[in-house]
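What the coordinates show
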Amino acid sequence: MTNQSKVKVLIADDDPITRMLLTRNLSSWGYLVFSAQDGEQAWKIVKSEPELRLFIIDWSMPKLNGLEFCQCLKNEQDFFHYIIMLTGKKGTENIVEAMSNGVDDFVTKPFVADELRVRLKVGERIIEQEKRLEFYANKDSLTGAWNRRMILNHLKEEWERATRDKSLLGVVLFDLDFFKNINDSYGHQIGDDALKVFCSIIQGNIRPYDKLGRYGGEEFLLILPNSDDVKAFQIAERCRKQIEKLKMPISGHNPITITASAGVAVCDAGKPSIHELFKQCDVALYQAKQQGRNQIVL
Ligand code: GH3
Ligand code: MG
Ligand code: MG
Ligand code: MG
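The residue count restarts for each chain, going from 1 along the sequence in the order it is written. All chains are assigned letters beginning at A, and all ligands numbers beginning at 1, according to the order in which they are written. Only residues with pLDDT of at least 70 are given local features in this predicted model, and only at 80 or more are side-chain atom pairs given and counted; all residues enter the totals for whole chains, interfaces and linings.

We apply this condition: UniProt positions are given in the numbering used here, feature names are shortened, and annotations may be inferred rather than shown by experiment.
In the nomenclature of an unreviewed UniProt entry, the protein chain corresponds to diguanylate cyclase from the organism Catenovulum agarivorans DS-2. In its Catalytic activity (unreviewed entry) section, UniProt records this for the protein chain: "2 GTP = 3',3'-c-di-GMP + 2 diphosphate". Comment text from UniProt for the protein chain, heading Cofactor (unreviewed entry), reads "Mg(2+)".

**A word on the overall build of the protein chain**
In plain terms, the rule: Only DSSP runs of H or I covering at least 4 residues are called helices, and only runs of E covering at least 2 are called strands; the numbering of each starts at the N terminus. Note on method: radius of gyration uses C-alpha positions; expected globular size equals 2.2 Å times residues raised to 0.38.
Assigned secondary structure in the protein chain consists of ten helices and ten strands. Over its C-alpha atoms the protein chain spans a radius of gyration of 24 Å, topping by over 25% the 19 Å that the globule rule assigns to 298 residues. Expressed as lengths along the three principal axes of its C-alpha atoms, the size of the protein chain is roughly 70 × 50 × 30 Å.

**Considering the UniProt feature "modified residue: 4-aspartylphosphate" (unreviewed entry) in the protein chain**
Heads up, the condition is: Here a residue counts as buried when 20 or more other C-beta atoms sit within 10 Å of its C-beta, as exposed when there are 12 or fewer, and as partly exposed otherwise, the C-beta atoms being derived from the backbone. Two residues qualify as being in contact provided that their C-beta atoms, derived from the backbone, are within 7 Å of each other.
With numbering matched to this structure, UniProt assigns "modified residue: 4-aspartylphosphate" (unreviewed entry) to D58. Considering the arrangement of structural elements, one finds D58 in the loop between β3 (54-57) and α3 (66-76). Overall, D58 belongs to the buried group, with 27 C-beta atoms counted inside 10 Å. Setting aside anything within four residues of it in sequence, one finds D58 in contact with A12, D13, D14, G66, L86 and T87.

**Remarks on the sheet that holds strand β10 (residues 296-297)**
Formally: Two strands pair under a simple rule: DSSP has to find at least two bridges between them. Fitted lines through C-alpha atoms give the axes, limited to the stretch in contact for helices. The angle between two N-to-C directions lies from 0 to 180 degrees.
On the basis of which strands lie adjacent, the open sheet formed by five strands has the order β7-β8-β6-β9-β10 and mixed pairing. The two strands at the open ends of the sheet, each matched to only one other strand, are β7 (211-216) and β10. With nine bridges connecting them, strand β6 (residues 168-176) and strand β9 (residues 260-268) associate as antiparallel partners. Bridge pairing in β9 places L169 opposite C267. Running at roughly 150° to β7, helix α8 (residues 188-203) makes contact with β6, β7, β8 (219-225) and β9 of the sheet. Against the sheet, helix α9 (residues 229-245) engages β6, β8, β9 and β10, with an angle of about 165° to β9.

**Details of helix α1 (residues 16-28)**
Quick reminder of the rule: Every helix has an expected span of 1.5 Å times one less than the residues it contains.
With 13 residues, α1 extends 18 Å from end C-alpha to end C-alpha; this agrees with the ideal 18 Å at 1.5 Å per step. Positive phi appears at G30, one or two residues downstream of α1, with a value of about 95°.

**Digging into the site of ligand 1**
Stated precisely, the cut-off is as follows: In this analysis a residue is considered near a molecule or strand if the C-beta atom, reconstructed from its backbone, is found within 6 Å of that molecule or strand. Under this grouping Gly is polar, as are all residues other than the nonpolar Ala, Val, Leu, Ile, Met, Phe, Trp, Tyr, Cys and Pro and the charged Asp, Glu, Lys and Arg.
Looking at ligand 1, there are 16 residues lining it, with D177, F179, K180, G191 and G217 nearest. Broken down by element, the residue count for the shell around ligand 1 peaks at four residues, all from α8. Along the lines of polarity and charge, the residues of the shell around ligand 1 split into five nonpolar, four polar and seven charged.

**So, the pairing of strand β1 (residues 8-12)**
Both faces of the sheet carry side chains from a regular strand, because those side chains alternate between them. Our working rule: Clockwise travel from the first strand over the helix to the second, with the strands pointing away from the viewer, marks a crossover as right-handed.
Burial analysis of β1 places four of its five residues in the buried class, the great majority of the element. Strand direction decides the pairing type here: β1 and strand β2 (residues 32-36), joined by five bridges, are parallel. In the sheet register, A12 faces β2, and the bridge partner there is A36. After leaving β1, the chain enters α1 and then returns to the sheet as β2, a path that is right-handed. Bridge count between β1 and β3: four bridges; the pairing is parallel. Each residue of the ladder has a partner; that of V9, found in β3, is L54.

**Considering the nonpolar core**
So the rule is basically this: For our purposes the nonpolar core covers buried Ala, Val, Leu, Ile, Met, Phe, Trp, Tyr and Cys residues that link as a set through C-beta atoms within 7 Å.
The biggest cluster of nonpolar side chains holds 45 residues, and the ones touching the most others in it are V172, F198, L222, A262 and V264. L22, V46, L52 and L120 belong to the second-largest nonpolar core, a separate cluster that totals 30 residues.

**Topic: the sheet that holds strand β4 (residues 82-87)**
Pairing in this open sheet of five strands is parallel, and the strands run β2-β1-β3-β4-β5 from one edge to the other. The sheet is open, and its two edges are formed by β2 and β5 (105-108), each paired on a single side. Neighbouring strand axes in the sheet, compared pairwise and without regard to direction, differ in orientation by 20° on average. Looking at chain direction, β4 and β5 are connected through four bridges and run parallel. Paired with I84 across the strands is D105, a residue of β5. Against the sheet, α1 contacts β1, β2 and β3, and its axis sits at roughly 170° relative to β2.

**Let's talk about unusual backbone geometry**
The omega angle of the peptide bond from K109 to P110 is 0°, so this bond is cis rather than trans. Note the cis peptide between K271 and P272, where omega equals 5°. Along the chain, P272 turns up in the loop between β9 and α10 (274-290). The backbone phi angle of A269 is positive, close to 50°, even though this residue is not glycine.

Printed below as a string of C-alpha cells:
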C-alpha cells in the first residue's frame, strides 16, 4: 500500500512509550501515523495535514491538553473528525466529561491492541459515511465539481482571504457554446457526458488549491487564488484550447467537439467587491459570446 492510499491517524501523547507502542501497532495495521508529543504540536500537524480525520489523543498533555485540542478542532474545522481519547483517567465522571466535550470514544491506558484496532475501524466507518454525506451536500452529482452553494461560499472565503492577505484572486466564468444544440442533436445523455468531459479537462489543468464549481446548467465558476490577470487568462486559455481539441466519441455519429467561452476578472486585496468582480466576469463572458464564442475575454 502506498502512503497516499493509507488512512492517516494523528496520535498525541506526552509519554514516549505510549507513542512508540501506538506508532508500532498502527503502522502494522496499515495506518499512516503522525505523532505529536503535546497538544500544540498536534495542532501544528493538523494545520499542515488537512486530510486528517482520525485521532488518538491523550488527555493530560503540556501546552494544550486533549480536551482543549478537541475544542480547537471543532471550532476551526467544519468537517467531521473522529477522536479517541486514550488516557490514564478512568471512571464514569471522566468519560462523561470527555464525551460531552467532543470526544467520540474513550479508552483507558494501558490499551489492549485488538480492542483499539476495532475501535479505530468504527471511526473509519463513521468517517467514510460522513465523507459520503459531505460529497452529496457539497458537490454537483453529475460532474463532481463544487455545487453552486459551495462554489459561492469558496468565492466568499477566498475573497476574504485575499482582502486579509492583500493578495490577488482570479475568477473565470465559463459557459459552453451552443450547448442547447448538443442536446438537441444528440440527446441529453451526450450533453451530460460533455459536461463531465468539460469538467475533467478543467480539473486536469488547475492547481490543487484552485476550485471549480457548477454555477448553473452549463456555466462553471473557476476560482484561482494568488493569480493575476495574466495567470488567470493563461489558465482559462489553456483549458479552452484543450476543450476545443477534444473529439468526443459517440456511437452512430462522428466524434463531436465542444467549445467554451469565458470571462475573466481579477481582484487585488479585496478590490473590487465580490458583486462587482462577478459582474466583470459576466460582462467579459457576454463579450466573448458576442465576438464569436470559443474565446476568453479579460
Ligand atoms: P450560448 O453559446 O449562447 O451559451 O448558447 P447555449 O445553447 O449554450 O445557451 P442556452 O442558455 O440557450 O442553453 C443552455 C443549455 O444547457 C440548455 C439546457 O438544456 C442545457 N443544460 C443545462 N443543464 C444541463 C444538464 O445538466 N445536462 C444537459 N444535458 N444539458 C443541460
Ligand atoms: Mg499525558
Ligand atoms: Mg449559459
Ligand atoms: Mg452556453
